[in-house]
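Report on the structure
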Amino acid sequence: MRIPRFPEAAATGTVTIGATPDEVYRVISDPPSMALLAEETHSARWLDGATGPAVGARFRGYNRNGLRRWSTTCSITDADPGRRFAYEVAAPFNVPISRWQYDIEPTADGCRVTETNWLRVPTWFLPFGILITGVADRASTNDANIAATLRSLKAHLETTPDLHTDRR
């Protein structure tokens, strides 16, 4: 199995959504809301007093795969409303894991959203990552998870565009 390494994207997916770029951005830039739509992430919370997306803001993601559970710390690198939201993911002890990026492009009927993942994990950490997550083929798993998450995002925004952290 070949493991794509940064700067080569490991996984990506695109969906067209019948919602405005601002409506999409409001959901994707709110990790607690996105956790309701994601495959592996089941919850998220802002850290260090952050309450919304801004470059440098951090959040913790709580993930699961079957009985396995783990958390990561994420730092926002891009917060451009209606255009791009991105963050870097680190494991405990600040081990780099990945970068996640959402690009939003307006279309005649709404917008196109592209979710991309880059693996940044050091080679020495791969066996630990497999042990922790139970996933040996991270690139294929992320491809499948991106597809499922984008389907959920589309379904959600085309029916109820006001998902916010108020429900948490």
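The text that follows walks through the structure, step by step, so that each part is easy to find.

Conventions we followed
Residues numbered from 1 in each chain as written. Predicted model: local features only at pLDDT ≥ 70, side-chain atom pairs only at ≥ 80, totals over all residues. Heavy atoms only, no water. Pairing = 2+ DSSP bridges. Helix = DSSP H or I, 4+ residues; strand = E, 2+ residues; numbered from the N terminus. Axes fitted to C-alpha atoms, helices over the stretch in contact; angles between N-to-C directions. Contact = heavy atoms within 4.5 Å.

Strand order across the open sheet formed by seven strands is S1-S7-S6-S5-S4-S3-S2, with antiparallel pairing between neighbours. Looking along the sheet, the strands with just one partner apiece sit at the ends: strand S1 (11-17) and strand S2 (41-46). Direction aside, the axes of adjacent strands within the sheet are offset by 20° on average. Where S1 lies against strand S7 (residues 110-119), seven bridges are found, and the strand directions are antiparallel. Bridging across to S7, valine 15 finds its partner in valine 113. Strand contacts of helix H3 (residues 126-133): strand S3 (58-65) and strand S4 (68-80), with the helix running at about 115° to S4, the strand carrying the most contacts. Against the sheet, helix H4 (residues 138-157) touches S1, S4, strand S6 (95-107) and S7, its axis set at about 15° to S1.

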